[in-house]
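Each chain, letter by letter, is given below.
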Amino acid sequence: MNKIDTRAKMPSFEEMNLIKKFLDDTTLFLGPDPEIMQNHDLMPRTAQEDEAITRVSDSHIVAKIRDRIQAGCDEGYEMVEQMGAAPGAKWGDVITGVYSASGDLAIASAGGVLIFSALVHHPIKFIIKNWMNDPTVGVKEGDGFIHNDSRYGNVHNTDQSMILPIFHKGKLVCWVASTVHEGENGAIEPGGMPSMAESPSDEGLKMSPFKVVENYQIKRDILTFLQNSVREPKLQYEDMKVKLFACLRIKQRIEETLNSDGPEALVSTLRLTMENVRAEVKRRVSEWPDMTVKTYIIQDSTLRENCVVKINCKLTKTGDRLIFDFRGSSPEFTNRATNTIVAGLKGMLAQVFLCYVWPDLPRGQAAFAPIEVITDPHSIVNCSYDAPNSQSLMSIFTGFTAGQHAVAKFLYSCPEKFTKVHAPTFNMINTFIWGGVSQHGETLGNLCADLNGMGAGARVDRDGEHALAPIFATMADIGEQELNEEEVPFLQLVSKKMTRDAIAPGKYRGGQGYTMMVATKDSEQWGFMTTAQGAKIPPIQGLFGGYACGCYPLSKVQGVDVYDILLNQPEKFRHSIEEIMNEQPFEGARYTTHHMGMGFEISKRGELFMISQGAGAGYGDVLERDPVGVVRDIEEGLMSPEVAARLYKVVFDPVTLAIDFDATEKARADERKARIARSVPYSEFVKGWNKPKPPTHLQYFGCWGDDVDTLYMGSPDRTRRGDEPRPNYMTHPKDVRIAELEQRLMALGAMGGEKQ
Amino acid sequence: MKIPMTEYLRIDLDKEKWECRVCDHEIAPAEGNYKEGLLVHNRDPREIHPPILDPERYRFTFSPDPEWVRILEFCCPNCGTQVETEYAIPGHPPLQDMQVDVPALKAQWARRGPDMLPDAGPAVVPGRGHGH
């Protein structure tokens, strides 16, 4: 019997070209490009760069030009920080940078939010790939592009970038860009980071990269459309102008270099800076011990409901390769906003190195370029196009902490260190996002810069610093509250006062956070939201026997006007959450506590919303803490005497706080014996402790133990394979509550015969 | 040569063992999980992170929820030094947090020599606070 050839005929070369042309001509939608979005390494060296390096490679010339470009970036950064209207601009949630002609970030400003530096290359590469040769768009001198959709790059769509190509004698030599956390973006909740978003369509303005500037002028028709798309139209215009002019100032500095040293010197400097940093990173990694370190960080909510969401991290170093393996982390949530695109995770991991491990390296994309990252598809750290990601901070920050915790265990034995080994920094944005109509009749939506007051982790030889800096910008500020209060209709009645006993103990303790109490004053149309995890499970881990921080809830006092109290009965006011909630000094008021995922809520005049910043993690055994340091913490109001005595086993006079060193030594020796007595050998312990599946009383998401192939999806019986995506829907918390209440009514026979 | 790997642990390259840096106790084989040679205590997190708000009245108190997370405290069976902590979901197997490639570590330190040993770490006298 003759065989019938059922194989399709392979198209010829000409036919393939025809098919490609047909597809190119009839592309219906240019979505995010995986080829761009999954790659964080440097682009290959171009012929133009090769030639430039052949002509100019003297390290002194390169260093001189790099410093000039760096100074130009810093100048642009200062302009945005001084002139920007967004609160984010004022506290330094900004970055400026110079990118190679291929789109890689070569040099970034010294201050600001470095994460953008790892992420704005994506939209530039999208422009290069899709708009450069498109006759309807094109890239010309005088053009400027805007972008904020994180699916095309960057963290979340509050961050807007202005991107300018720089030409020399008609030839593209590089790009400059400026990025600001603008806040408002027209999302379902004000302020730009909606935790209520259940799909990308709830997240407001999502700008893929497009041209908004021609001949160095902002196009008014597009600007008007953008202004109509957000709650702060004037801010939108002002900050687009500010970013444009910052880019133009950097352009001016680049042109001075082009005129003095020529284009080859510039191109060579940008390329060699990146290549040298990349090579140096590989050298530094090779000095680490070959090892695998495992850790995990738990998110205790989706910001809508409490549940257990695992961020799983295995960090392996072999030779000069370093691989972050996040497989086993939670599946993506189909209708919750805490997912991140994988580029966001990588950008935040880059901060571990550029801010905390190798801050001496030139700031740019190259420092993370050779480091590898593995994730499951459609997971919370590598979400799909259709998943909301406006609260990606939750996953990139906990991913950061997993990285920071793991890296410390590699660094300890290295002879060559560039910073001190330290415990994880606090990682949540415990602040108030606000919005509504101000006392001046302006519609506003933004947040308090206090999110930058994250407590620092303890170091190998000293305590962590209090309320130091956010993990994404170690040189950012918390801003001036008094200036802020001129523009918004609320006061921070208590601010910058450390929250007593909210501690991370250790031989060296973590830096603590402060209390914030806010109350609306001069508007009937004003509200707050909070977007943080960690009210039930700490979002960090301790290091080398030290403890993590505790938990941080939201407290509310409603049914009271504290401004009336302050006016008429000021003696009733208290200045700590502890006193107000436990003493309940305002009669008739309602006192409640909540997790830190409060959706936007309109507040009445004088009602109190109270939160605390968090502490960085502790380092080392508490019994090794210098007793003098313990008593100093009591004196400074960081810790109550009872807690200090119980945890640190320091014996002191309760009135004078004079330390009895001999008694302390004995108490600590006794505690060491007590530890041994109450603990059990590991092999015995795991027999009773280890369970084959997650507990039934928790909604658990992610792998269990070392089996990273199976991801649990909310119950021990519902799973997916790591590499096989499945939808993962959560029920609306109000529906959950209604169902609970209806069940109770039904049990009582009180449903009144309601038809079903 | 003995390589300090953490604040309280080192690896003796000759014996290929994890050791306690405080009391020199031999803990476990270097290629294995050092936790297997330690003692463990399942700590109620409220004992370390005390409730700031009255737990009788409030659902959230600043303390971790003991039904959601526990603190596994690992200590040296000889001197009682707390070597590591792990904030764990109830029933989640403890992590082997450091799995060392011992031959590679030996080769790395054979190249470096003992003069390069890091100076960070404890000079601990059990029972006393100390500084470096």
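Residues numbered from 1 in each chain as written. Chains lettered and ligands numbered in written order. Predicted model: local features only at pLDDT ≥ 70, side-chain atom pairs only at ≥ 80, totals over all residues.

**Student:** How should the sheet that holds strand S13 (residues 443-447) of chain A be read in this particular structure?
**Tutor:** Hydrogen bonding along the main chain pairs the strands of a sheet, whether they run parallel or antiparallel. All names here are of chain A. The sheet built from four strands is open, its strands ordered S13-S12-S16-S19 with antiparallel pairing. Edge strands, defined here as strands with exactly one partner in the open sheet, are S13 and strand S19 (601-602). With two bridges joining them, strand S16 (residues 526-529) and S19 adopt antiparallel strand pairing. When the sheet's bridge partners are listed, glycine 527 is paired in S19 with isoleucine 602. (Pairing = 2+ DSSP bridges. Helix = DSSP H or I, 4+ residues; strand = E, 2+ residues; numbered from the N terminus.)

**Student:** What exactly am I supposed to notice about the environment of A:Phe661 here?
**Tutor:** Turning to its location among the elements, A:Phe661 is positioned in helix H17 (residues 661-678). For A:Phe661 and A:Gly88, which are 573 residues apart along the polypeptide, the C-alpha to C-alpha distance reads 49 Å.

**Student:** Would you mind going over the confidence of the model for chain B with me for this structure?
**Tutor:** Interpretation of the predicted coordinates at a detailed level should be avoided for regions scoring low in pLDDT. Per-residue pLDDT for chain B averages 92, and the proportion of residues at 70 or more is 89%. With pTM at 0.94, the complex prediction returns an ipTM value of 0.93. (pLDDT = per-residue confidence, 0-100.)

**Student:** Mind showing me how you'd approach the environment of A:Gly702 here?
**Tutor:** Residues and elements named next belong to chain A. Mapped onto the elements of the fold, glycine 702 is located in strand S22 (residues 700-704). Residues glycine 702 and glycine 722 lie 20 residues apart in sequence; the distance between their C-alpha atoms is 9.0 Å. Residue contacts for glycine 702: discarding those within four places in its chain leaves Val309, Lys310, Asn312, Gly328, Ser329, Ser330, Leu711 and Tyr712. (Contact = placed C-beta atoms within 7 Å.)

**Student:** I tried to follow unusual backbone geometry on my own but got confused; where do I start?
**Tutor:** Where the residue is not glycine, phi is negative for most of them; where a peptide bond is considered, it is trans in most cases. All names here are of chain A. Residues other than glycine seldom take positive phi values, yet lysine 169 does so here, at roughly 50 degrees. The phi dihedral of lysine 649 falls on the positive side, at around 55 degrees, and the residue is not glycine. If you trace the backbone, lysine 649 turns up in the loop between helix H16 (641-648) and H17. Given 23 C-beta atoms within a 10 Å radius, lysine 649 is considered buried. (Buried ≥ 20, exposed ≤ 12 C-beta atoms within 10 Å, placed from the backbone.)

**Student:** I'm lost on the interface of chain B and chain A in this one. Help?
**Tutor:** Buried accessible area, meaning the area lost when the parts come together, often serves as the stated size of an interface. With 67 residues of chain B at the contact, the number on the chain A side is 73 residues. Of all the elements in the fold, those that place two or more residues in the side of chain B that touches chain A are strand S1 (2-4), strand S5 (39-43), strand S7 (82-88), strand S8 (98-100) and helix H1 (102-112) of chain B. Tallying contributions element by element places S7(B) first for the side of chain B that touches chain A, with five residues. Along the lines of polarity and charge, the residues of the side of chain B that touches chain A split into 36 nonpolar, 19 polar and twelve charged. Two elements, strand S8 (residues 291-301) of chain A and S8(B), share three bridges in a ladder whose sense is antiparallel. Counted as the bridge partner of A:Thr292 is B:Gln99 from S8(B). (Nonpolar A, V, L, I, M, F, W, Y, C, P; charged D, E, K, R; others polar.)

**Student:** How do you make sense of the packing of helix H7 (residues 220-228) of chain A against helix H8 (residues 233-261) of chain A when you look at a structure like this?
**Tutor:** Any two packed helices are characterised by the angle at which their axes cross and by the distance between the axes. Residue and element names in this part refer to chain A. The contact between H7 and H8 brings their axes to 8 Å, and the two run at 135 degrees. In terms of axis orientation, H7 runs oblique to H8. Between H7 and H8 lies a crossing of right-handed hand. Contacts between H7 and H8 involve Leu223, Leu226 and Gln227 from the former and Pro233, Gln236, Tyr237 and Met240 from the latter. Its residues assigned to classes, the contact of H7 with H8 comprises five nonpolar, two polar and no charged. (Axes fitted to C-alpha atoms, helices over the stretch in contact; angles between N-to-C directions. Parallel < 35°, antiparallel > 145°, perpendicular 65-115°, else oblique. Left-handed = near helix turned anticlockwise from the far one by under 90°.)

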